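Commentary on secondary and tertiary structure
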Amino acid sequence: MATKQDSSIPPWQQFTVDSQQLDPVPLEVKGTIPSWVKGSLYKNSSGIYQIGSSELVHAFDGMAILLKFIIENGEVKFQSKILNSETWEASHKANRLVVSQFGTNALPDPCKNIFSRFFSHFEPRTTTDNTSVSIIESGDQLWVLGEANKINCVDPESLSRVDQINYENYVAVHAATAHPHQDKDGSIYNLGTNLKSKMAYNIIKIPAKADGGLDMENSKIVASAPSRWKWKISYNHSFGMSENYFVILEQPFVISLGRVFIKKLAGNTSEKSLVSYPKEKTRFHIVKKDGTRIETKYTMDPFFAFHFCNCYEEEDQMVIDMTIYKDLDYMKKLYLDSLQGNSYFNSKHPPKFARFVVPLDISGAEVNNNLITLDTKATAVLQSDGSVFCTPDLYSEDSGGIMMELPKINYESYNGKKYQYVYGASIFTEKNMIKKLDLKSRTVKEYNDVDAGNEPGESFFIPKPGSTKEDEGVLLTLVMAHQPGRKSYILVLDAETMTELARAPLPENKIMPLTFHGCFTQSKSQTCW
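First things first, this report covers the structure right here in the doc. (Residues numbered from 1 in each chain as written. Predicted model: local features only at pLDDT ≥ 70, side-chain atom pairs only at ≥ 80, totals over all residues. Heavy atoms only, no water.)

**A look at the overall build of the chain**
For clarity, the cut-off: Secondary structure follows DSSP: runs of H or I at least 4 residues long count as helices, runs of E at least 2 residues long count as strands, and numbering of each begins at the N terminus. Three exposure classes are used, based on accessible area relative to the maximum for each residue type with a 1.4 Å probe and protein chains only: buried under 20%, partly exposed in between, and exposed over 50%. The contact rule is simple, with two residues in contact once any of their heavy atoms fall within 4.5 Å. Computed by Shrake-Rupley with a 1.4 Å probe, the accessible areas treat only the displayed protein chains as cover when residues are assessed. The convention is simple: Lys and Arg are positive, Asp and Glu are negative, and His and the chain ends are not counted. Charged side chains are reduced to one point each, which is NZ for Lys, CZ for Arg, CG for Asp and CD for Glu.
Regarding its fold elements, the chain presents four helices and 37 strands. Dimensions of the chain, computed from the C-alpha atoms along their principal axes, are close to 70 × 65 × 50 Å. Taken across its 529 residues, the chain has 57% of its residues classed as buried. The contacts in the chain between residues at least 6 apart in sequence include a share of 61% that link residues at least 24 apart. When the accessible surface of the chain is summed, it comes to about 22,100 Å², and 48% of that surface belongs to carbon and sulfur atoms. Taken as two groups, the 57 positive and 63 negative side-chain charges of the chain have centres that lie 5 Å from each other.

Structure follows, in C-alpha cells:
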C-alpha cells in the first residue's frame, strides 16, 4: 500500500510498516548489467523514525530496515523488511519506543504511576538490539550488527531474525564495532570496548566452525590496549588490521564513564555520554596479532573518524588509511532537524581521505627527525619524550584534502595488503559524487551524474571473475532520494573507468531509507562477506 509523503520531510525519514517490500519485485533496468554480475546485495539502514507518539530524533536512531537486491541475467529484484528485533517488536506492540536509542530515550509506560517510574531508574538496563549498521556473513549465516553488545542472525531469503548473540555472554566487553574483519582461516576479529579503562580496547577473535558459522563458545580476547584516561574511553566505529597487526584509534571523542553511570538516573540519552576534547591529541594503539603491544605513543592533531580504509606494512612501517573529520562533534550534529526541509547537513569540515604512516621500530632514531622513508607526504617525527608525532598525506596539491566517506576497497584481495585504489562517496552534501582515488598516481576519477536531490551511499566493489587487475570489476551503489519527487535507485558503474553501466530505480511507492553498510554475495545460499 502506498503512503502519501510529507513534502517538507525527506523521503528516507518517512519509512513505515506499509513501505516494506516483503516479496522480491522486479525493477526496470536502464542500461546493461554485465552477465557475470550475479548474486545478492544486502544493505542495512536506519529507517523508522516514528513509533506511535515516539519521535526518534537522531539519524542513527531509526529502526533497522534490511534491503536486498537480487541480480541475475542482467535483471534486478528488490526486497525490504523491518528487522524484527526485540526492540522493534516490543515498541511496535506498545505503539511507543520502549528501548532507548542513541539520541532518543524510551517513553515511560503510561500505565505506571509516578513512583513506579522513579524506581524503574534503578532497574537493570535493557540494551537495544536494533542492529541497524552493517551486515556480515559467516558460513551459511547472515549477521546484522550495530554498535551495542547484541547482534542478530537473519534468514537470507525472508530477512527475518532467527537468532541473537550477546557478546557479553562470551567475552568481557560491553559493546563492539559494526566493522569486523575476516582472516584467511575464516576467523572474524572485532574491536570490543570494556568500561574498565585498563582494559578498554579489546580485539575479539571468533573462530569459524566447520560449517563456517560463528564459534562463539571458543571466542576470546587476543589483544588489548588501555585507555590513556581513567574515566574516558574513545568512541570507535571501526579498526584496522594488517597482515600482522591490529590498529586501534583513540580519538578525543570519548565515552564519559561518569556520564554513563548517571545517564539513566538523569534521563540522558547515550549521545549525552559522548564528549569531545579538542585540546587532546588523537592516538594510534598498534598491537601484534600475538597480543604484544607496541609501546610507542603515536600522536596526531585531534580528528574524528568513523572508518578505516585499509592498513598494511611496508619496510617496517605501517600505512594507515582513513577518512577523517576536523569536527570532533560531527556525529552529535546528525539530528533529523538539521536534515529537514529537504536540506543537506553541510559541515564546515567534511570528511577527507588521509594517509598516516608510522614507524614500527624507533630504536636508534634521532629526536626531531622524520622517520618515514616511504614515498609519501605523511610524516612521523620523534619527539623528545619518546612519542612520535604524525601528520597525514591528504593526497591533494593544495592540501585541502579529497572529500570522501564510506570508503571501500577490493577487500577480498587487498585488505591488509599494499593496494592502489579506494572508492568513496560524498554524504550529506550537495556535491553528489562517487570517487575513485588512485593512491599511486595521486589522481581522482569522479562519477558526478547523480541526480539532483539524491545522495549516493557506500559502494561495493565486485571483482570480475578471473580478473588480474585490482580495479577490474563493477561498483554497486545505492543512491537515495533526499527530496520528494526523486527516485532512489541501484547504480552499476565500471570500476575502472567510473562510467555508468546501468541503473534500476525503485517503484514510486517504495522508499529507500538511510543506508549504511552491507555486503554482496555470489553464493547459492546467498550469504556474504
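**Quick word on the sheet that holds strand β20 (residues 253-256)**
Put simply, the rule reads: We call two strands paired when DSSP finds no fewer than two bridges between them. Where helices are involved, their axes are fitted lines through C-alpha atoms of the stretch in contact, as for all axes, and angles between N-to-C directions lie from 0 to 180°.
Taken in spatial order, the three strands make up an open sheet running β17-β20-β21, and their pairing is antiparallel. Each edge of the open sheet is held by one strand with a lone partner, namely β17 (232-234) and β21 (274-276). Within the sheet, the average angular offset between the axes of one strand and its neighbour, ignoring direction, is 40°. The pairing of β20 with β21 spans three bridges and is antiparallel. Within β21, the residue paired with Phe253 across the bridge is Ser276.

**With respect to the side chain of Lys43**
Heads up, the condition is: Each salt bridge in this description consists of a side-chain nitrogen of Lys or Arg and a carboxyl oxygen of Asp or Glu lying within 4 Å of one another. Two N or O atoms form a polar contact when they lie within 3.5 Å of each other; inside protein one atom must be a possible hydrogen donor and the other a possible acceptor, and for residues adjacent in sequence the pair counts only when both atoms belong to side chains.
Following the sequence through the fold, Lys43 ends up in strand β3 (residues 39-48). There is no salt bridge for the buried Lys43, and the closest opposite charge comes from Glu458, which lies 4.5 Å off by N-O distance. A polar atom in the side chain of Lys43 sits 3.5 Å from the side chain of Thr515. Beyond its immediate stretch of four places on either side in the chain, Lys43 contacts Ile65, Leu66, Leu67, Ile135, Glu458, Phe460, Leu478, Thr515, Phe516, His517 and Gly518.

**A few points about the nonpolar core**
Let me state the cut-off plainly: To form a nonpolar core, buried Ala, Val, Leu, Ile, Met, Phe, Trp, Tyr and Cys residues must be joined to one another through side-chain atoms within 4.5 Å.
Phe69, Phe304 and Leu476 are the most contacted members of the largest nonpolar core, which totals 54 residues. Top element by residues in this core is strand β6 (residues 63-72). It accounts for five residues. Filtering out sequence-adjacent residues up to four positions away, Leu476 remains in contact with Leu41, Ile71, Glu458, Ser459, Phe460, Ile462, Leu491, Val492 and Phe520. Counting 41 residues, the second-largest nonpolar core is a separate cluster that includes Val319, Val358, Leu382 and Cys390.

**With respect to the pattern of salt bridges**
With the rule as written, the count across this model stands at 18 salt bridges. Linking Glu271 and Lys272 is a salt bridge whose minimum nitrogen-to-oxygen distance equals 3.7 Å. A relative accessible area of 3% places Glu271 in the buried class. Note that Arg503 and Asp451 form a salt bridge whose closest N and O atoms lie 3.3 Å from each other. Of the two residues, Arg503 sits in strand β36 (residues 500-505) while Asp451 sits in the loop between β32 (443-447) and β33 (454-463), which places them 52 residues apart along the sequence. For Arg503, a relative accessible area of 12% gives the class buried.

**A closer look at the packing of aromatic side chains**
Threshold: Pairs were defined over the aromatic rings of Phe, Tyr and Trp, the Trp ring being its six-membered one, requiring ring centres within 6.5 Å. Orientation was assigned from the angle between planes: stacked under 30 degrees, edge-to-face over 60, tilted for the rest.
Throughout the structure, instances matching the rule amount to 19 aromatic pairs. With centroids separated by 6.2 Å and ring planes inclined at 20°, the aromatic side chains of Tyr235 and Phe304 adopt a geometry described as stacked. One end of the pair, Tyr235, is in the loop between β17 and β18 (240-241); the other, Phe304, is in strand β24 (residues 304-314), with 69 residues separating them in the sequence. Among the residues examined, Tyr235 registers a relative accessible area of 7% and is labelled buried. For Phe304, a relative accessible area of 0% translates into the label buried. One aromatic cluster in this structure is built from Phe60, Phe102, Tyr235, Phe253, Phe304, Phe306, Tyr325, Tyr330 and Phe516.

**Overview of unusual backbone geometry**
Notably, Glu315 is not glycine yet its phi reads approximately 55°, a positive angle. Assignment of secondary structure puts Glu315 in the loop between β24 and β25 (317-325). Residue Glu315 is classed as exposed on the basis of its relative accessible area of 54%.

**A closer look at the pairing of strand β28 (residues 388-391)**
The alternating pattern of β28 places Val388 and Cys390 on a buried face and Phe389 and Thr391 on a face that is not buried. Pairing analysis gives two bridges linking strand β23 (residues 298-300) to β28, with the strands arranged parallel. Bridging from a neighbouring strand, Thr299 pairs with Phe389 of β28. Strand direction decides the pairing type here: strand β27 (residues 379-382) and β28, joined by four bridges, are antiparallel. Paired with Leu382 across the strands is Val388, a residue of β28. Taking the residues that link successive antiparallel strands as the turn, the β27-β28 hairpin has five residues, and the phi of Gly386 there is positive, at about 90°.

**Re the sheet that holds β33**
Strand order in the open sheet formed by five strands is β2-β36-β35-β34-β33, with antiparallel pairing between adjacent strands. Taken across any chain shown, the strands that pair with only one partner, and hence form the sheet edges, are β2 (30-31) and β33. Here six bridges tie strand β34 (residues 473-481) to strand β35 (residues 489-494), and the two strands are oriented antiparallel to one another. Bridge assignment links Leu478 to a residue of β35, and that residue is Ile490.

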